[in-house]
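What follows is the residue order along each chain.
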Amino acid sequence: MTSYKELGLVNTREMFAKAVAGGYAIPAFNFNTLEQMQAIVQAAVETKSPVIMQVSKGARNYANGTILRYMAQGAVEYAKELGCENPQIVLHLDHGDSFELCKDCIDNGFSSVMIDGSALPYEENIALTKKVVEYAHKYDVTVEAELGVLAGVEDEVASEVSHYTKPEEVEDFSKRSGCDSLAISIGTSHGAYKFTPEQCTRDPKTGKLVPPPLAFDILHEIEKRLPGFPIVLHGSSSVPQDEVDTINAHGGKLPDAVGIPEEQLREASKSAVCKINIDSDSRLAMTAAIRKHFDEKPGDFDPRQYLKPARENMKKMYMHKIIDVLGSNDKL
Ligand SMILES: [Zn+2]
């Protein structure tokens, strides 16, 4: 058993309470690689932001759970080395799909886990979430649950259609499951293709897709029923069109990739939404920088030559999200 406290990590309880009260949201960035981790820590330190570093089941399979745990510990030490006296870093399991996986993460240094029972019947979702909460709380680990289903694809999580969260279920669910935060479905979606062209309108000037708006009425109804309770948005990458254009201009093929407009995420951040998940934007920033580099400098073959600009581009994106979208800067 390795407690996250030994690694210098924190759980989400205090950071969410402050974020809800302060009208901002904590960034939850997915990571699998050294360069992503470095960029996340640099961005968080330079902006003085708390940060959630999250790992999906797929990331654990890709990078190895033990390595990721030491990377999180390294992130804390690195943040201190960069001058942050009291880093607020969470290591979170994204989309845990079983009690066993959540337990394994809790036993191995995670400070927060998500149990995603959203595909299960309502009562089974409550029972599974409750089982994870009972184990997690023994070790002061916080638990995120999910009600409602997001469309899109994220690692092993895939659904063709979205089902909005039913506001009339949230009080009963949070009370009986004991979860610390709740991921809801109000029209965000996983991946870089969040909406089909049929679901969008097209900007007549740019020809780019304009996605349908988020269901703020559902969010506000949930806030009314659960005052002050931490709400989480998954699938909240914006799929920056300049990165998509760079990728497509340098041999890539991402036609009609579309995300959630940042103005809507900025508005959500001011509400009870206190955690916003961003994964695809990091993938796009990395890929755009690497494709551009390969195209312009075909003779380069030292990975540092192209991973350095990739890391810088991700850091720029993370800082932009923290300062201009979530408002979590200057909170340490
Ligand atoms: Zn998700």
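Notes on the structure in this doc start here. (Residues numbered from 1 in each chain as written. Predicted model: local features only at pLDDT ≥ 70, side-chain atom pairs only at ≥ 80, totals over all residues.)

1. Brief notes about the overall build of the protein chain
Part 1 of the reasoning: Secondary structure summary: the protein chain contains twelve helices and 13 strands in total.
Part 2 of the reasoning: The C-alpha radius of gyration of the protein chain comes to 19 Å, within 12% of the 20 Å expected for a compact globule of 332 residues.
Part 3 of the reasoning: C-alpha atoms of the protein chain, sized along the principal axes, occupy 60 × 50 × 35 Å.
Part 4 of the reasoning: Put simply, the protein chain has 332 residues, and 51% of those count as buried.
Part 5 of the reasoning: Taking the intrachain contacts of the protein chain between residues at least 6 apart in sequence as the baseline, contacts between residues at least 24 apart amount to 74%. (Helix = DSSP H or I, 4+ residues; strand = E, 2+ residues; numbered from the N terminus. Rg over C-alpha atoms; globule rule 2.2 N^0.38 Å. Buried ≥ 20, exposed ≤ 12 C-beta atoms within 10 Å, placed from the backbone. Contact = placed C-beta atoms within 7 Å.)

2. A closer look at unusual backbone geometry
Part 1 of the reasoning: Even without glycine at this site, K48 takes up a positive phi of about 55°.
Part 2 of the reasoning: Here K48 lies in the loop between α2 (34–47) and β2 (51–56).
Part 3 of the reasoning: You will see that D140, though not glycine, has its phi angle at about 60°, which is positive.

3. What to know about the pairing of strand β5 (residues 142–147)
Regular strands place their side chains on alternate faces of the sheet.
Part 1 of the reasoning: Where burial is concerned, most of β5 is hidden: six out of the six residues are buried.
Part 2 of the reasoning: Burial of the side chains of β5 extends over both faces: T142, E144 and E146 are buried on one face and V143, A145 and L147 on the other.
Part 3 of the reasoning: Sheet analysis places strand β4 (residues 112–115) next to β5, joined by four bridges and oriented parallel. Opposite S112, over in β5, you have T142 as the bridge partner.
Part 4 of the reasoning: In this fold, the crossover linking β4 to β5 by way of helix α6 (residues 122–138) has right-handed handedness.
Part 5 of the reasoning: By the bridge criterion, four bridges tie β5 to strand β8 (residues 181–184) in an arrangement that is parallel. Directly across from A145, in β8, lies its bridge partner L182. (Pairing = 2+ DSSP bridges. Right-handed = clockwise from strand over helix to strand, strands pointing away.)

4. Section: the nonpolar core
Part 1 of the reasoning: Counting 91 residues, the largest nonpolar core has I40, M53 and V113 as the members making the most contacts within it.
Part 2 of the reasoning: Leave out the neighbours within four places in its chain, and I40 touches F29, F31, V51, M53 and Y318. (Core = buried A, V, L, I, M, F, W, Y, C linked by C-beta atoms within 7 Å.)

5. Notes on helix α7 (residues 167–177)
Part 1 of the reasoning: Within the sequence span of α7, burial applies to P167, V170, F173, S174 and S177. Take α7 and look down its axis: the buried residues cluster within an arc of 90°, on one side only. Opposite the buried face of α7, at more than 90 degrees from it, the exposed residues are E168, D172 and K175.
Part 2 of the reasoning: Two residues or fewer past α7, G178 is found with a positive phi of approximately 75°. (Arc of directions from axis to C-beta.)

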